[in-house]
Structures are given as structure tokens and as C-alpha cells.
Amino acid sequence: AWRMNVELLDRDMDHILAAIGPETVRVPTLFIRGGQSDYILREDIPAIKEQFPNSRVETIPFAGHWVHAQAPDEVVAFIREAVNA
């Protein structure tokens, strides 16, 4: 089951909400977005790929913003695939 670490969120919320700096991130990065969410839009993907050149952006078409809750099996499958790549 997915659980939120409320203590960590409370402690670090200012850092979590801070903007990502302009530096290029070269570590392998997986973005999983819901096709029904406006959080990561199709037009955002080129900018993501520019800042995260070693990234993948996967979309679960029927999911919204809470993609991990709406499509847990699909999310786990993408994560397993990324870890095993």
C-alpha cells in the first residue's frame, strides 16, 4: 500500500515546494504522469527532457494527478522496469 510520510512532509514542505534550480540533472529519472492530469502537460515534456536529458516520461492515460493511487499496478510496473533497466 502507498503511504505518505507525514512527518517528513511536515518537516521539509518548504524544500519540497521550492522551485527546481536550472542545473541539468544527468541521473536516470522517471516521470510518471496521469493522462487526465494537468500537472505535467504534453508541452512540458521538451523542457523536462532538456533539464533531465537521461529521463523517461511515461503516461498512464486513464489516471489523474494521484496516479499512484489510481493506477498502482501500472506505476509499480514502470518503476520496476526503470530499476531493472
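Along each chain, residues carry numbers from 1 onward, in the same order as the chain's sequence is written. pLDDT decides what is reported in this predicted model: residues at 70 or higher carry local features, side-chain atom pairs at 80 or more are listed and counted, and totals for whole chains, interfaces and linings draw on all residues regardless. The side-chain figures draw on all heavy atoms in the structure; neither hydrogens nor water molecules are used.

Section: the pairing of strand β2 (residues 55-60)
In this sheet, β2 lies alongside strand β1 (residues 29-34) in parallel orientation, the contact comprising 6 bridges. For G34, the partnering residue across the bridge sits in β2 and is I60. By convention, orient the strands away from the viewer: a clockwise path from the first strand over the helix to the second makes the crossover right-handed. Only DSSP runs of H or I covering at least 4 residues are called helices, and only runs of E covering at least 2 are called strands; the numbering of each starts at the N terminus. You can see the chain leave β1, run along helix α2 (residues 45-51) and come back into β2, and the turn it takes is right-handed. At least two bridges found by DSSP between two strands is the condition for calling them paired.

A closer look at the pattern of salt bridges
Salt bridges are counted wherever a side-chain nitrogen of Lys or Arg sits within 4 Å of a carboxyl oxygen of Asp or Glu. Within this structure, the stated rule accounts for 3 salt bridges. Across the pair D12 and R11 runs a salt bridge whose closest N-O atoms are separated by 2.8 Å. Across the pair R56 and E58 runs a salt bridge whose closest N-O atoms are separated by 2.9 Å. Through salt bridges with shared partners, one network takes in R56, E58 and E81.

Structural notes on the nonpolar core
Soluble, globular proteins show a tendency: their nonpolar side chains are buried together. Definition of nonpolar core: a set of buried residues of the types Ala, Val, Leu, Ile, Met, Phe, Trp, Tyr and Cys, connected through side-chain atoms within 4.5 Å. Partly exposed residues are those whose accessible area sits between 20% and 50% of the maximum for their type, while under 20% is buried and over 50% is exposed, using a 1.4 Å probe and protein chains only. Residues I60, A63, V67, A71, V75 and F78 constitute the largest nonpolar core, which totals 6 residues. In contact with I60, not counting residues within four places along its chain, are I32, R33, G34, G35, V67, A71, E74, V75 and F78. For this analysis, residues touch if any pair of their heavy atoms sits within 4.5 Å.

A short note on the layout of surface pockets
A cavity here means a set of points on a 1 Å grid, drawn over the protein atoms and nothing else, where a 1.4 Å probe fits but cannot get out; a pocket is an open set with protein on both sides within 12 Å along at least five of seven lines, and a residue lines either one if it has an atom within 4 Å of a point. Grid points are joined across faces, edges and corners, and a volume is the space filled by probe spheres set on the points. Roughly 1000 Å³ of internal volume is contained in the largest pocket. Along the wall of the largest pocket there are 27 residues; nearest its centre are F31, I32, Y39, I40 and H65. Of all the secondary structure elements, the ones that give two or more residues to the lining of the largest pocket are α1 (6-17), β1, α2, α3 (67-70) and α4 (72-84). Of the residues that constitute the lining of the largest pocket, the class distribution is 18 nonpolar, 6 polar and 3 charged. In this count, Pro and Cys sit with the nonpolar residues alongside Ala, Val, Leu, Ile, Met, Phe, Trp and Tyr, while Asp, Glu, Lys and Arg are called charged and the others, Gly among them, polar.

Side note on the environment of I48
Assignment of secondary structure puts I48 in helix α2. Through-space distance from the C-alpha of I48 to that of R80 is 21 Å; in sequence the pair is 32 residues apart. Those residues in contact with I48 that lie beyond four places of it in its chain are F31, I40, S55 and V57.

What about the packing of aromatic side chains?
Aromatic ring pairs: the centre-centre distance and the angle between the two ring planes describe each pair. Two rings from Phe, Tyr or Trp (for Trp, the six-membered ring) form a pair when their centres are within 6.5 Å of each other. A pair whose planes differ by under 30 degrees is stacked, one over 60 is edge-to-face, and the rest are tilted. On inspection of all chains with the given rule, the structure shows 1 aromatic pair. Seen from their ring centres, F31 and F52 are 5.1 Å apart, and the 80° between their planes marks the pair as edge-to-face. Residue F31 is located in strand β1, and its partner F52 is located in the loop between α2 and β2; the two are separated by 21 residues in the primary sequence. Accessibility assignment for this pair places F31 and F52 in one class, buried.

Comments concerning the side chain of T29
One can find T29 in strand β1. When neighbours within four sequence positions are excluded, T29 is seen to be in contact with F52, N54, S55 and R56.

Nothing here speaks to function; it is geometry throughout.
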